[in-house]
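# Report on the structure
This is what each chain is made of:
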Amino acid sequence: MRTNTVCLLSIILTVCLLLGSLPPAQGQTTQARIKIDTDRTIGEIHPHLFGNFAEHLGRMIYGGVYEEGSPLSDKDGYRKDVMDVVKQLNVSILRWPGGNFASGYNWKDGIGPKDQRPVRKDLAWDDLESNRFGTDEFLKYCEMIGAEPYICINAGLGTIDDARHWVEYCNESKNTFWAEQRRKNGREQPYKVKYWALGNEIDGPWQLGHKNAEEYSKFALEAAKAMRSTDPSIKLIASGSSNYGANADWMHWNRTVLNTLRNQADYIAIHSYINNRDNDFEKFMAWSQTIDNYIDVTASQIKEAQNRLQNPRPIYIAYDEWNVWYRAYNAQKLEEVYNFEDALAMGMFFNSFFRRADVVKMANLAQMVNVIAPITTNKQGLFLQTIYFPLVEFTRQKGNQSLDTFVSAPTYKVGNRPPLKYLDVSTSYNAADKTIYVNVLNRSKDKDMTTRIDNQEGQLTNAVGVWELNHPDLKATHTFGDDKKVRPVTRNITATVENNGFNYTFPAHSLTILRLRLK
Ligand code: AHR
């Protein structure tokens, strides 16, 4: 009798366990919990996490931000309609001139009277470069949109002299040769360009002037010394490996670069392009595991390089190329058309950056206009791609403190990787206006998640602002004259706050930002 009861109980237990591990049926809600503590700060969400990237590639510069003679442009050739929507993106720092383009670019071709500038072959993208948009045009553009300029030197086919002369042209106040050239070209005051990348993806065999880790590190160290002697106030970004998973040597690359440059570099760069090639939404949304991993591993490598130093120079991560990119390559000039699920991926990247706000201090979406970009132009106007809207919204959290937040939620698995929570979460706190931001990506394709949100420090008010991006069709896209489909909705709700917490349901496949107020 007793044996039968034990048997029955164990069968019931097994069935329950099996049922528990099955995904809930469509439409069924599941409980999750987010516990916020404003004392548990990770680091400042640096304004430079909202950077962007403008490469001489396809229609990014010419026909994108710059189109001489267009009725939509100002007298200098800057597209005014593009500038308006770029300004709303709140781009804090703009990387230029590449990318792969940088490794074949001679900046001296792009200064002086425009009609005397040489047309050159762009070997990186198999194109022609008119050089009508050069250093002065770029730096003026940055001033117009209120972005910090970030210049990438040519560490491929270029020389150390080219690099230090570029710093001198931009930043020197004395009467030196290159400062005089700048003055002749109409700019008396130095531009004070603070951020300089020591090349782009030099580990990649596709890169002009590709080098191995030792060759690159030696070049970058000497370039750094010469550039810093020219202007000691500059910040330098070393090229990290651009090929994490694919390249067996990436650990060696980063270690060599960090060990060699640890007394010169202020950042090490990471690049990631993610894709949904398998057309599997939940797998696509699991890319955050990879992004988190890149950040964690690189952060550890930084620590390793600083290990035995008495007074190590702080080194941060510049995630200076990131985006979804897998449909439009060279033949399409990288003119990717983004859909709704790609817009959700923007939230995934920011959540990862915010969770490591202690070490990720710069991030640049690649890129800004036409080329894998949130803005697409033609000669008559432009449209806003689906990814534009979360990019704008996340910038509101710049300067906040990122918070280490407890999250429990049902999980799923991708291959052999560890289980992954359906809710991908980051939170931040603005102490000045006592506002907490809760950024939640529900990466379940079909399950809403009813979630208990608890607050530990300070009393929640019941006023909650909601920003939500959702659409029934994961593949919905925008085009000219039709860019209103995938738009965020905002509302203010009155939450039923009990014991300093409340319940909120995050819809399936959605990105939500809740704004909570403390008393
Ligand atoms: O952003 C497009 C290209 O991707 C960049 O030129 C290069 O750095 C990366 O491989």
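Since the model is a prediction, treat every value here as computed from it, not as a measurement. (Residues numbered from 1 in each chain as written. Predicted model: local features only at pLDDT ≥ 70, side-chain atom pairs only at ≥ 80, totals over all residues. Heavy atoms only, no water.)

## Section: the confidence of the model for the chain
With 93% of its residues at a pLDDT of 70 or more, the chain has an overall mean of 94. Across residues 1-28, confidence stays below pLDDT 50; counting only partners more than four residues off in sequence or on other chains, it has seven contacts. (pLDDT = per-residue confidence, 0-100. Contact = heavy atoms within 4.5 Å.)

## Remarks on the packing of helix α2 (residues 80-88) against helix α3 (residues 135-145)
Here α2 crosses α3 at 60°, and the two axes come no closer than 10 Å. By the angle between their axes, α2 is oblique relative to α3. The segment α2 lies against α3, with V82, M83, V86 and K87 engaging Y141, M144 and I145. Per-class residue counts for the contact of α2 with α3 are six nonpolar, no polar and one charged. (Axes fitted to C-alpha atoms, helices over the stretch in contact; angles between N-to-C directions. Helix = DSSP H or I, 4+ residues; strand = E, 2+ residues; numbered from the N terminus. Parallel < 35°, antiparallel > 145°, perpendicular 65-115°, else oblique. Nonpolar A, V, L, I, M, F, W, Y, C, P; charged D, E, K, R; others polar.)

## Things to note about the nonpolar core
By size, the foremost hydrophobic cluster in this structure holds 148 residues, and its most contacted members are W196 and F353. Ranked by residue count, the leading element in this core is helix α10 (residues 340-355), at 10 residues. Beyond its immediate chain neighbours, meaning those up to four positions away, F353 contacts L49, I291, I295, Y319, W322, V360 and A363. In this structure, Y150, C152, A269 and A318 belong to the second largest nonpolar core, which totals 11 residues. (Core = buried A, V, L, I, M, F, W, Y, C linked by side-chain atoms within 4.5 Å. Buried < 20%, exposed > 50% of the residue type's maximum accessible area, 1.4 Å probe, protein only.)

## Notes on empty space enclosed by the protein
Across all of its chains, the model carries three cavities of 30 Å³ or more by this definition. For the largest cavity, the calculated volume is near 90 Å³. As for the largest cavity, its lining consists of L49, F50, G51, N52, L89, V91, W322, F350, L365, L391 and T395. Partitioning the lining of the largest cavity into residue classes produces eight nonpolar, three polar and no charged. (1 Å grid on protein atoms, 1.4 Å probe; cavity = no way out; pocket = protein on both sides within 12 Å on 5 of 7 lines; lining within 4 Å. Points joined across faces, edges and corners; volume = space filled by probe spheres on them.)

## What about the site of the ligand?
In the vicinity of the ligand, 13 residues are found, and the nearest of them are E55, N100, E201, Y273 and E321. The side chain of E321 places a nitrogen or oxygen atom 2.6 Å from an oxygen atom of the ligand. At 3.0 Å, a side-chain N or O of Q367 approaches an oxygen atom of the ligand. Coverage of the ligand by the protein chains reaches 94% of its 290 Å² of free accessible surface. (Near = heavy atom within 4 Å. Polar contact = N/O pair within 3.5 Å; in protein donor to acceptor, adjacent residues only side chain to side chain. Areas by Shrake-Rupley, 256 points an atom, 1.4 Å probe, with all protein chains shown as cover.)

## Remarks on the sheet that holds strand β20 (residues 435-442)
Read across the open sheet, the seven strands follow the order β2-β15-β19-β20-β25-β22-β23; overall the sheet is antiparallel. The open sheet terminates on both sides in strands that have one partner only, identified here as β2 (41-44) and β23 (489-494). Here the strands of the sheet are splayed against their neighbours by 25° on average, with no regard to which way each runs. For strand β19 (residues 423-430) and β20, the ladder comprises eight bridges, and the chain directions are antiparallel. Note on β20: the bridge partner recorded for V425 is V440. Of the strands in this sheet, β2, β15 (401-403), β19, β20, β22 (460-469) and β25 (510-518) touch α10, which is tilted by about 55° from β19. (Pairing = 2+ DSSP bridges.)

## Quick look at the layout of surface pockets
Any space left empty among the atoms is revealed by the rolling of a water-sized probe across them. Within this model, the second largest pocket holds a volume of roughly 350 Å³. Secondary structure elements with two or more residues in the lining of the second largest pocket: α9 (287-306), β18 (420-421) and β19. The greatest single-element share of the lining of the second largest pocket, amounting to five residues, is contributed by β19. Lining the lining of the second largest pocket are residues from two domains, each supplying at least three of them: domain 1 (27-42 + 403-518) and domain 2 (46-398). (Domains from an automatic or database assignment.)

## Points about the packing of helix α4 (residues 160-171) against helix α5 (residues 177-184)
Packing of α4 against α5 brings their axes to within 7 Å, and their N-to-C directions diverge by 50°. The orientation of α4 with respect to α5, classified from their angle, is oblique. Regarding α4 and α5, the two cross each other, and that crossing is right-handed. Between α4 and α5, the residues in contact are H165, E168, Y169, C170 and N171 and F177, W178, A179, Q181 and R182, respectively. Each residue belonging to the contact of α4 with α5 can be placed in one class, and the counts come to five nonpolar, three polar and two charged. (Left-handed = near helix turned anticlockwise from the far one by under 90°.)

## Concerning the sheet that holds strand β9 (residues 235-238)
The sheet built from eight strands closes into a barrel, its strands ordered β3-β4-β7-β8-β9-β10-β11-β12 with parallel pairing. Shown here is a sheet whose adjacent strand axes are inclined to one another by a mean of 30°, direction ignored. As defined by bridge partners, strand β4 (residues 93-96) adjoins strand β7 (residues 148-152) across four bridges and the pair is classed as parallel. What sits directly across from R95, in β7, is Y150. Sitting on the sheet, helix α7 (residues 250-261) is in contact with β8 (195-198), β9 and β10 (267-274), with an inclination near 155° to β10.

## Digging into α5
Along α5, the positions that sit buried rather than exposed are W178, A179, Q181, R182 and R183. Those residues of α5 that are buried are in contact with α4. Positive backbone phi, at 100°, marks G186, one or two positions downstream of α5.

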